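Examining the three-dimensional arrangement
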Amino acid sequence: MARTTMGRAAGVFPDRGLDQQADLQTDVALSGVAQGTLVLTLDGALPVEYLAAGDRVITRGGARPLTAVVSRQVTGKMIRVAPGALGHDRPERALILGGRAEVLLRDWRAQALYGQSQALVPVARLLDGGYITPCAGRMRLFALQFAAAEVIYADGVEVGCTAAQVAA
């Protein structure tokens, strides 16, 4: 599967001091989903804000335990994906993603953008002004982290999640 670095959440920055840890968490949160987004778990579809470390989330690789949930209140830098914008019932309802979130495409868009049958693509690359648009306002975003990078199901869309950040 192709993975692009454009728009990816920031990794650990060894040159940053502990006082800039909040900046790192904000960077990670911008790769997340908005409060109220339904995420598939072993207990069914649950709002993302109900999830905590240790919960088992259904991923493309199977059920995986969450390592961490990073949440931040953000203003701007979000993207709204209209119902059906990524395929039939994908998403099932309007989905708000952080500006650095990635979605897994397995259709003509992956072929057109990356020359591959599937690709993890920054949602910002898919802005079209009609169905996938910038979203203004203030909202809480949640980034789910696992031991390794995973793809989860959020409101019917396959969304990339990062590996847990390790403090330096």
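Further up the page is the structure itself.
Because the structure is a prediction, the values reported are computed rather than measured. Residue numbers restart at each chain and count upward from 1, following the sequence in its written direction. Since the coordinates come from a predicted model, pLDDT governs what is reported: local features require at least 70, and pairs of side-chain atoms require 80 or more to be given and counted, while whole-chain, interface and lining totals use all residues. For side-chain calculations, the full set of non-hydrogen atoms in the structure is used, while hydrogens and water are omitted.

**Details of the overall build of the chain**
- Numbering of helices and strands runs from the N terminus; a helix is a DSSP stretch of H or I covering at least four residues, while a strand is a stretch of E covering at least two. Of the regular secondary structure elements, the chain holds two helices and 15 strands.
- Buried residues in the chain amount to 42% of all 168 residues.
- Here the chain displays about 8200 Å² of accessible surface, and carbon together with sulfur accounts for 52% of that area. We call a residue buried when its accessible area falls under 20% of the maximum for its residue type, exposed when it is over 50%, and partly exposed in between, using a 1.4 Å probe and counting protein chains only. In this description, accessible areas are obtained by the Shrake-Rupley approach with a 1.4 Å probe, and a residue is regarded as covered only by the protein chains that are shown.

**Focus: the pairing of strand β4 (residues 44–47)**
- Strand pairing requires that DSSP identify at least two bridges connecting the strands. Of the strand pairs in this sheet, strand β3 (residues 38–41) and β4 are connected by four bridges, and their pairing is antiparallel. Paired with leucine 38 across the two strands is proline 47, which belongs to β4.
- Counting the residues in the hairpin turn of β3 and β4 gives two residues.

**Digging into the nonpolar core**
- Each nonpolar core is a collection of buried residues, namely Ala, Val, Leu, Ile, Met, Phe, Trp, Tyr and Cys, held together in the definition by side-chain atoms within 4.5 Å. Ranked by internal contacts, the top residues of the largest apolar core, which has 29 residues, are Val81, Leu97, Ile132, Leu144, Ile152 and Val159.
- Breaking this core down by element, the ones donating at least two residues are β8 (78–81), β9 (95–98), β10 (102–105), β11 (119–122), β13 (138–145), β14 (150–154) and β15 (157–161).
- The dominant element in this core, judged by the number of residues it contributes, is β15, at three residues.
- Working rule for contacts: check all heavy atoms of both residues, and any pair within 4.5 Å makes them a contact. What leucine 144 contacts, discounting residues up to four positions off in sequence, is Val39, Val48, Leu51, Leu66, Ala68, Val69, Ile152, Cys161 and Thr162.

**Things to note about the environment of alanine 154**
- With respect to the secondary-structure elements, alanine 154 resides in strand β14.
- According to the relative accessible area criterion, alanine 154 is buried, its value standing at 0%.
- Residues in contact with alanine 154, not counting those within four places in the same chain, are Val33, Thr37, Leu38, Leu95 and Val159.

**What to know about the environment of valine 121**
- If you trace the backbone, valine 121 turns up in strand β11.
- In this structure valine 121 comes out as buried when scored by relative accessible area, which is 0%.
- Separated by eleven residues in the primary sequence, valine 121 and alanine 110 place their C-alpha atoms 8.0 Å from one another.
- Filtering out sequence-adjacent residues up to four positions away, valine 121 remains in contact with Ala101, Glu102, Val103, Leu105, Leu113, Tyr114 and Leu126.

**Observations concerning unusual backbone geometry**
- In this model, arginine 90 is joined to proline 91 through a cis peptide bond whose omega is -5°.
- You can see proline 91 is positioned in the loop between β8 and β9.
- For aspartate 155, which is not a glycine, the phi torsion comes out positive at approximately 50°.
- Within the secondary structure, aspartate 155 is located in the loop between β14 and β15.
- Judged by relative accessible area, which is 3%, aspartate 155 ranks as buried.

**A few points about the pattern of salt bridges**
- Here, a salt bridge means any Lys or Arg side-chain nitrogen found within 4 Å of an Asp or Glu carboxyl oxygen. Counted under the stated rule, the structure contains six salt bridges.
- A salt bridge links arginine 64 to glutamate 150; its shortest N-O distance comes to 3.2 Å. One end of the pair, arginine 64, is in strand β6 (residues 62–65); the other, glutamate 150, is in strand β14, with 86 residues separating them in the sequence.
- On the basis of relative accessibility, which here comes to 29%, the residue arginine 64 falls in the partly exposed class.
- Across the pair arginine 93 and aspartate 155 runs a salt bridge, and its minimum N-O distance is 3.2 Å. Placement of arginine 93 in the loop between β8 and β9 and of aspartate 155 in the loop between β14 and β15 is noted, with a sequence separation of 62 residues between them.
- Among the charged side chains, a salt-bridge network with shared partners connects Arg60, Arg90, Arg106 and Glu158.

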